[in-house]
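What follows is the residue order along each chain.
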Amino acid sequence: MTAAFIARLHTVGGGEVFVKGVPITDGDGHAAQLREVAAGALAPAVAPKTLWHFETCGWHVLASTVVTGRYPSLAPGSPDLPLMADALTIGRCRIPAGALPCYAQRWERWGSRKKLVPLRGGWLVHGDVHRHNALVDSAGRRVWLVDWAAAARGPAWLDIADTGIRLMEEGHDAATAVRWARTVPAWRTATAEALSAWCEVRCRSWTARIGARDSEPSNARLRAFLAATVA
């Protein structure tokens, strides 16, 4: 959704590369691709490898390895649920300060800096985990996380919480979603204070974007997930 050009190129040597491009004048799109470049280097175990990137003729272009597969099912009982947990475990890696934007800064419009302190951290965050940003490989043994345009530096539990909400969107109740989250080791680092701050700014953001009535279903899931974590 952020790229103006997308292609799967067949090279002279017989290989394939996945290419994305945005005009440099597209400030948000350009920044998103630079985050993808950084994430590709920081998370080689779960992200497609960045092969090269450059700027030319007013465009920023990046190429990565081709990842093939299918979208995972996040429905109750799906065999893909443990694969998602594995991906979020493998992808958990510390990154240096300045390598990516701070996740907490994304929400400063909806929460004070003091309130957002629990959303700071030194871990790689995908920032937009959902079933269309994941691919189960053809052998059905692992999940790749793709489209790292929202990558950030933040708490280790963040992507797990986001995925828990996605499970609720696919039919899980809050208690089941939290039980799944607890299968990922990094979930143990989440505190009630941090999850409360995450829930509050997410709800405020949804309400500001689409209004109180339309945001209520999403906000209700967030509140239910938060409640289930301390039940």
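Details of the structure are given in the entry above.
Residues numbered from 1 in each chain as written. Predicted model: local features only at pLDDT ≥ 70, side-chain atom pairs only at ≥ 80, totals over all residues. Heavy atoms only, no water.

Trainee: Describe the sheet that holds strand S1 (residues 5–10), and please don't skip the residues or the numbers.
Mentor: Hydrogen bonds between backbone atoms are what pair the strands of a sheet, whose relative direction is either parallel or antiparallel. Pairing is antiparallel across the open sheet formed by four strands, whose spatial order is S1-S2-S4-S3. The sheet terminates laterally at S1 and strand S3 (50–56), the two strands that pair on one side only. Within the sheet, the average angular offset between the axes of one strand and its neighbour, ignoring direction, is 20 degrees. With six bridges connecting them, S1 and strand S2 (residues 16–23) associate as antiparallel partners. Looking at S2, one finds that Arg8 is bridged to Phe18. In the packing of helix H1 (residues 27–42) onto the sheet, contacts are made with S2, S3 and strand S4 (59–64), and the angle to S4 comes to roughly 30 degrees. (Pairing = 2+ DSSP bridges. Helix = DSSP H or I, 4+ residues; strand = E, 2+ residues; numbered from the N terminus. Axes fitted to C-alpha atoms, helices over the stretch in contact; angles between N-to-C directions. Contact = heavy atoms within 4.5 Å.)

Trainee: So what's going on with the side chain of Ser78? Which residues, and what values?
Mentor: Secondary-structure assignment places Ser78 in the loop between S4 and helix H2 (80–90). Of note is the side chain of Ser78, whose polar atom sits 3.0 Å from the backbone nitrogen of Asp80. (Polar contact = N/O pair within 3.5 Å; in protein donor to acceptor, adjacent residues only side chain to side chain.)

Trainee: I'd love a proper account of helix H5 (residues 174–181), names of residues and values included.
Mentor: Regarding H5, the residues found buried are Ala174, Ala177, Val178, Trp180 and Ala181. With its buried residues spanning 155 degrees around the axis, H5 presents them on a single face. Where H5 is buried, its residues touch H2, helix H4 (158–169) and helix H7 (212–229). (Buried < 20%, exposed > 50% of the residue type's maximum accessible area, 1.4 Å probe, protein only. Arc of directions from axis to C-beta.)

Trainee: How would you sum up unusual backbone geometry? Please name residues and give values.
Mentor: The phi torsion of most residues other than glycine is negative, and most of the peptide bonds are trans. Of note in this structure, Cys57 is not a glycine but carries a positive phi near 50 degrees. Looking at the secondary structure, you find Cys57 in the loop between S3 and S4.

Trainee: Could you give an account of the side chain of Ser205, with specific residues and numbers?
Mentor: Inspection of the secondary structure assignment puts Ser205 in helix H6 (residues 192–210). In this structure Ser205 touches Trp107 and Trp110, once residues within four positions along its chain are discounted.

Trainee: Could you give an account of the packing of aromatic side chains, naming the residues involved and the relevant values?
Mentor: We describe a pair of aromatic rings using the distance from one ring centre to the other and the angle between the two ring planes. Counting across every chain of the model gives six aromatic pairs. Each ring, one from Trp52 and one from Phe54, has its centre 5.4 Å from the other, and the planes form 20 degrees; the classification is stacked. Here Trp52 falls in the partly exposed class, since its relative accessible area comes to 36%. The class of Phe54 is partly exposed, set by a relative accessible area of 37%. For the ring pair Tyr103 and Trp107, a centre distance of 6.0 Å and an interplane angle of 55 degrees mean the geometry is tilted. For the pair Tyr103 and Trp107, a shared accessibility class is recorded, and that class is buried. Three or more aromatic residues joined by ring pairs make a cluster, and in this case those are Trp157, Trp187, Trp198 and Phe225. The aromatic ring of Trp123 is capped on one face by Arg92, whose charged end is 3.9 Å from the ring centroid. Just above the ring of Trp206 sits the side chain of Arg209; from NZ or CZ to the centre is 4.6 Å. (Phe/Tyr/Trp six-rings, centres within 6.5 Å; stacked < 30°, edge-to-face > 60°. Lys NZ or Arg CZ within 6 Å of the ring centre and 35° of its normal.)

Trainee: Help me get a handle on the pairing of S2, residues and values and all.
Mentor: A regular strand places its side chains so that they alternate between the two faces of the sheet. Counting the residues in the hairpin turn of S1 and S2 gives five residues, including Gly14, whose phi is positive at 100 degrees. With six bridges connecting them, S2 and S4 associate as antiparallel partners. Bridging from a neighbouring strand, Pro23 pairs with Trp59 of S4.

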